[in-house]
Amino acid sequence: MATAVLYPQTTPSDYHRIISPTLKISEDIKVPIPVGILACQRDPLLRTLDTAVVAASLSQPAAIPAKKPAKKSVIAPAIPNDPLLEVILHDTVIFPEGGGQPTDTGLITTNADGVTWEVLQAKRHGGHAVHYVRVKEGDTDTALLAFSPGAKVTVALGQEGYDRRYDHVRSPRLLDRIDMSMHTSQHLLSALLESRLELPTLSWSLTAYPSPCYVEVPRGMTIEEVVSIQNEANRLVFEGRRVHVEVEELDRTEEKPTTVLQTGRAVGKGLPEDYTGGVKRVVVIDGVDRNPCCGTHLPSIHNLQLFLLPHTDALSRSNTTNARLYFLAGPRLITYLTSTHNLLTSTASVLSCGVPQVPERVNQVVDERRKAEKRLSDIEAELVQHLAKEIIGEMAQRGDGGLFKKIIHRTDDSGNTLGFLSAFSLAFSTLADSAQPYLILLGSSPSSQTTTSTTIFLLFSSDDKKIKEVGDGLKSKLGVKGGGKGLKWSGKYVGVWREKESVALRELLDGI
C-alpha cells in the first residue's frame, strides 16, 4: 500500500526573518556562523550546502562518568570506538543536538579529493556546531589533512539524514529517528493546551521512532478535553497556518525568568547557560504561538494531522498530579495507523472474526482463559491432596518411628511450578502425624531442557536442623542456589538436570 505525505519542496523566502537591523550572517569563511542562524535553521528543507572548514581536531574520548548519568531528554546515535574528528564548518545543514531535538546525521565531501566522510552526530559547543566525523581506516593524519582550515567541502544530510529529520519510513536502521513534523506538532499542541485549558507544558519528549511522543502537563485530562484540543489543532492544520522564524541579537538582561508552579516545578526551559552564539531565535506559528526554540521546523503545519491518544497517563511519582499526553503527527501518524490496522486485522484473523467483533471476541477469550485457570487450580488442589495422602500412607506403612526421607522429582512446564510444590508441602504438613519425623525434597524440571533451564526445589521437614543440613549440601555439592527459614527451604538449579545429579541428590539424603 502506498502512502503520500505532501510537504513543501522549498522553504518560503520569508520563513527566516532577521528582525534586528544589526544582526548579519557572516560571509567570511574563516568565521563559523553561530548556532541560531545556521543554514539548517534558516532553511529546514535544504539538503546540501557548499561551505568551508574553519577548524578540525582529533576528538578525545569522553571520560567515563563516576556515577550513573542522568536520563537524557533526547536520543543520540551510538558513537563507535573508531577515531573521530571534531570539525567546525563555516555553515552547515546538519542540525546539532539542542532544544529537545536530537542531532541530524549526514555526510561531508571534501572537494579536493572527492572523498565522502560520515557525520555520526553534531553537537553545540558554546555557540558553534561541531560535527563528529568518522575517520576512514583509522588514518587520522590523512583525515586532518583533508579537513585543513579553509578546505572547501560539501555538507549534506544524505537520504538517511533527510529521512531521519522527517521521520519517513525508509530505512530500518534508523531506530532513533525524530523529526520536524513531531517537533512542530509539539509547539502547536503545547500552545493550545496553555491557551485553551491553561495547562502549561512542564516537559516534553520526542521519543524514539515510531513510538508516540508526549508532553507532560500538571494534571490528567478528560476525554472531552483531549478531543477538543485535537479538533482545534486539526482545524488550524486544515487552514494551513504558516510557520516562520524570527532572529535577533541575544540580550541576556531581557530574558524572562522561568515560571515556577506552586508545586515547585519549573515550566519550560531557558537558554542554556553555556550558549555563546549571541542569537535569540523565536519560532512563530501564525496566530497561534511564539516560542523560543533552536530546532528545525516545517514552514507550515499543513498536512500534519495531529492525533492525540485519547487518555493521559498519570506519573508514578507519589507527590505529583502530573500526567503525560501522547501524540502523533505526519509520517509517524501514518506509520502508527498502518501498524495498528495490521495488528487489528491480524488479531481478527487469529480470532476468526471480523475487525468490529475483535473487542467482543477478546473479552470472550479472556473470560474463557480465566475459567480454565480456575478449573486448573481446582484440579491441582485435588491432586496435591491425593499425592499428600499417598505419601503419608507410605510413611505410615514404614512405621519404624525413624526419619522418613523421600525425593519426588516431577516434570512440569507450567508457569507456577513453585506454587504447586508449595501447595503439596502445605497439604502434607497439615495431614502428617506430628509424632513422625520426616524430610521431603520436591523437585520439578521442564520437559525440554537446555543450559539455561531452571529446575525448582522445595525442601520441607519436621526438623529445622535437617533443613539447614540438606540445604547447605544442595548448595555446596550440586550448585543449587537458594535459602530458607524454619521448616522450609527453596532453591533453583540452572542447567540440564541429568541422572548424575539425581544420584548425587539421593546420596545426599542417604547421608542424613
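What you see is a predicted model; the values in this text were computed from it and never measured. (Residues numbered from 1 in each chain as written. Predicted model: local features only at pLDDT ≥ 70, side-chain atom pairs only at ≥ 80, totals over all residues. Heavy atoms only, no water.)

(A) Highlighting the pattern of salt bridges. Taken as a whole and judged by the stated rule, the model has 21 salt bridges. Glu-118 is the partner of Arg-134 in a salt bridge, and the nearest nitrogen-oxygen pair spans 3.2 Å. In this pair, Arg-134 sits in strand β6 (residues 128–134) while Glu-118 sits in strand β5 (residues 115–125), placing the two residues 16 residues apart along the sequence. Here Glu-118 falls in the partly exposed class, since its relative accessible area comes to 37%. Counted as one network, the salt bridges with shared partners bring together Arg-196, Glu-232, Arg-235, Glu-239 and Arg-241. (Salt bridge = Lys/Arg side-chain N within 4 Å of Asp/Glu carboxyl O. Helix = DSSP H or I, 4+ residues; strand = E, 2+ residues; numbered from the N terminus. Buried < 20%, exposed > 50% of the residue type's maximum accessible area, 1.4 Å probe, protein only.)

(B) Just the packing of aromatic side chains, in detail. Per the counting criterion, the structure on display carries nine aromatic pairs. Cluster of aromatic residues (ring-pair linked, three or more members): Phe-424, Phe-428, Tyr-438 and Phe-460. Sitting over the ring of Tyr-132, Lys-123 keeps its end group 5.9 Å from the ring centre. (Phe/Tyr/Trp six-rings, centres within 6.5 Å; stacked < 30°, edge-to-face > 60°. Lys NZ or Arg CZ within 6 Å of the ring centre and 35° of its normal.)

(C) Summary view of the sheet that holds strand β16 (residues 323–328). A sheet is described by the order of its strands in space; here four strands give the open sequence β8-β9-β16-β15, paired in antiparallel fashion. Edge positions in the sheet fall to β8 (203–205) and β15 (307–314), since each of these pairs with one other strand and no more. Strand-to-strand twist of the sheet, defined as the mean angle between neighbouring strand axes without regard to direction, takes the value 20°. Pairing of strand β9 (residues 213–217) with β16, which is carried by five bridges, proceeds in the antiparallel orientation. Bridged to Val-217 within β16 is Ala-323. Strand contacts of helix α4 (residues 180–197): β8, β9, β15 and β16, with the helix running at about 130° to β16, the strand carrying the most contacts. (Pairing = 2+ DSSP bridges. Axes fitted to C-alpha atoms, helices over the stretch in contact; angles between N-to-C directions. Contact = heavy atoms within 4.5 Å.)

(D) Layout of the sheet that holds strand β10 (residues 243–249). Ordered by their spatial adjacency, four strands build an open sheet running β1-β10-β13-β14, and the pairing between neighbours is mixed. Both edges of this open sheet fall to β1 (16–18) and β14 (289–292), since each of them pairs with a single strand only. Across the sheet, the axes of successive neighbouring strands diverge by a mean angle of 25°, strand direction being ignored. Two elements, β1 and β10, share three bridges in a ladder whose sense is parallel. Within the sheet, the bridge partner assigned to Arg-17 lies in β10 and is Glu-246. The sheet strands contacting α4 are β10, β13 (279–285) and β14, and the helix crosses β13 at an angle near 75°.

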